[in-house]
Amino acid sequence: MEIVKTKVAIIGSGPAGLLLGQLLYKAGIDHVIVEQRSADYVSSRIRAGILEQVSVDLLTEAGVDENLKAHGLPHSGIEILTQGQKHRLDLAALTGGKQVTVYGQTEVTKDLMHAREQAGLSSYYEAHNVQIDDFYTQPKVTFQYQNQPYQIECDFIAGCDGFHGVCRASVPEDKIKTFEKVYPFGWLGVLADVPPVADELIYVQSERGFALCSMRSETRSRYYLQVPLTDHVDNWSDEQFWDELKNRLDPESREKLITGPSIEKSIAPLRSFVTEPMRFGKLFLAGDAAHIVPPTGAKGLNLAASDIAYLSSALIQYYLDGSEQGINEYSEKCLQRVWKAERFSWWMTHLLHRFETESEFDHKIKQAELSYILGSLAGQTTLAENYVGLPYEIKHLSEFQQAS
Ligand code: FAS
Ligand code: PHB
């Protein structure tokens, strides 16, 4: 048995685990990452595409913003298409200058993995049978790595292992409460090397169902269609996808749409999910391990970043200041922002998707709500300030270094 001693064991090498590792490294705090998949698999996953300004700031603080600054696309507005009409929300004007950045989660992951490799930090990829124990006393992580048994002895475990991970599943049932809402549809997503149909994202509410026109760059587009949960990606040829997208678009966008072969096509289910609390002794859950949002509000990746902002700040405060204040406040602070993002993501999903069980009255009410939101400065502002990301207050590494 190979015994490894460290301060923090991070389970999972997605955006949450990698970003936490990078911020702990910058603070000189010893840690390891344990990941069940291969590095190639992790770096090739295609998921989110929108970064809030606070996420960009955190990636900058982590020192991994070079590509983001060079290739990220700052967006100061989004369009909402309903009843054949496009309505532009000027996010910057509505939020005192805030914007979002279009930059794929795949790229964020690659930037973080590159930085980790450059720094020569310990990562155990393709770790099997990962288990966590004694996280209320003396935390341990055991796993098989290159056919050898390993045991990590650490001060803390960061559960960054996603919705299907081992960490949340290891918490005794009487210590945890979960909240869940599963939506009766999924998103069929296509990635294609074609120029985007518009300069900004278009969120489409149509009688045929929701659609989203997004992008990864000026030459690579990302499109989504709402499909029934019973649907399967094999039911959709590229041609069928493009035809259905055109059916949901307005005439101008339909005309401008450039189609091409899909380089990725998949269906993702939609759910809202929250774990309370997010801390269990010396185990902290962060990112999708603790919560899931439907992607309509572009919050999943950004919530993972905000959890890590709080967790990295708390661990740095513990090791640099000897204070447990951040650790003790972690769960409550995260959940305040998590629930607001859950509400916004639920609201955007409710407003823009077609629900088969919806009565005609409910549908008319929803149309009236969307019409009010788009026609009112107050309505537009509430959508915009949630979309660009609500603020969070954390102490930054530099503030601790000044103190010490
Ligand atoms: P992740 O799931 O990214 O990473 C968890 C890591 O832990 C994985 O690498 C996994 O292999 C590893 N792991 C799991 N179990 C383990 C174990 N037992 N031992 C060791 N490692 C283990 N968000 C948006 O904002 N917009 C989107 O459009 C969007 N689309 C999405 C599409 C899909 C198909 C999915 C699944 C998610 C999507 N999301 C989207 C949400 C997504 O971006 C997440 O919010 C983001 O990946 C969260 O990052 P992590 O918390 O790091 O979790
Ligand atoms: C994406 O580009 O993948 C994307 C953008 C905005 C969303 C969801 C997904 O709300």
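What you see is a predicted model, and the numbers here were worked out from it, not measured in a lab.

A.B. asks: What should I look at first to understand the site of ligand 2 in this one?
C.D. replies: Around ligand 2 there are 14 residues in total, and Tyr203, Ser214, Arg216, Tyr224 and Pro295 lie nearest to it. At 2.7 Å from an oxygen atom of ligand 2 is found a side-chain nitrogen or oxygen belonging to Tyr203. Between an oxygen atom of ligand 2 and a main-chain N or O atom of Thr296, the distance comes to 3.4 Å. When the free accessible area of ligand 2 is taken as 280 Å², the share hidden by the protein chains comes to 97%. Going through the elements one at a time, strand E16 (211-215) and strand E17 (221-228) are the ones with two or more residues in the shell around ligand 2. By residue class, the composition of the shell around ligand 2 is 8 nonpolar, 3 polar and 3 charged.

A.B. asks: I'm lost on helix H12 (residues 377-387) in this one. Help?
C.D. replies: When we look at burial in H12, the residues that qualify are Gly379, Gln380, Leu383, Ala384, Asn386 and Tyr387. A side-chain oxygen of the first residue of H12 lies 3.1 Å from the backbone nitrogen of Ala378; this N-cap is Ser376. Of the residues flanking the end of H12, it is Gly389, one or two places downstream, whose phi is positive at about 110°.

A.B. asks: Help me out: how do you make sense of the side chain of Gln105 in this one?
C.D. replies: If you trace the backbone, Gln105 turns up in helix H6 (residues 105-119). Excluding residues within four positions of it along the chain, Gln105 makes contact with Pro15, Arg47, Ala48 and Leu301.

A.B. asks: Just to check I follow, could you spell out the site of ligand 1 for this structure?
C.D. replies: The local shell around ligand 1 holds 30 residues, among which Glu35, Arg45, Arg47, Gln105 and Asp288 are the closest. Between Ala16 and ligand 1, the recorded distance is 2.9 Å, taken from a backbone N or O atom to an oxygen atom. Within the contact set of ligand 1, an oxygen atom lies 3.1 Å away from a backbone nitrogen or oxygen of Gly300. The protein chains hide 85% of the 990 Å² of surface that ligand 1 would expose on its own. Those elements giving two or more residues to the shell around ligand 1 turn out to be helix H1 (15-26) and helix H9 (300-321). Among the residues making up the shell around ligand 1, the classes are represented as 14 nonpolar, 9 polar and 7 charged.

A.B. asks: In this structure, what is going on with H9? I would like to understand it.
C.D. replies: Three or four residues apart is the spacing at which side chains of an α-helix point the same way, because the helix has 3.6 residues per turn. In this model H9 runs 31 Å from its N-terminal to its C-terminal C-alpha over 22 residues, within 8% of the 32 Å that 1.5 Å per residue would give. Most of H9 sits out of view: 17 of its 22 residues are buried. Positive backbone phi, at 70°, marks Gly322, one or two positions downstream of H9.

About the thresholds
- Residues numbered from 1 in each chain as written.
- Chains lettered and ligands numbered in written order.
- Predicted model: local features only at pLDDT ≥ 70, side-chain atom pairs only at ≥ 80, totals over all residues.
- Heavy atoms only, no water.
- Near = heavy atom within 4 Å.
- Polar contact = N/O pair within 3.5 Å; in protein donor to acceptor, adjacent residues only side chain to side chain.
- Areas by Shrake-Rupley, 256 points an atom, 1.4 Å probe, with all protein chains shown as cover.
- Helix = DSSP H or I, 4+ residues; strand = E, 2+ residues; numbered from the N terminus.
- Nonpolar A, V, L, I, M, F, W, Y, C, P; charged D, E, K, R; others polar.
- Buried < 20%, exposed > 50% of the residue type's maximum accessible area, 1.4 Å probe, protein only.
- Contact = heavy atoms within 4.5 Å.
- Expected span 1.5 Å × (residues − 1).

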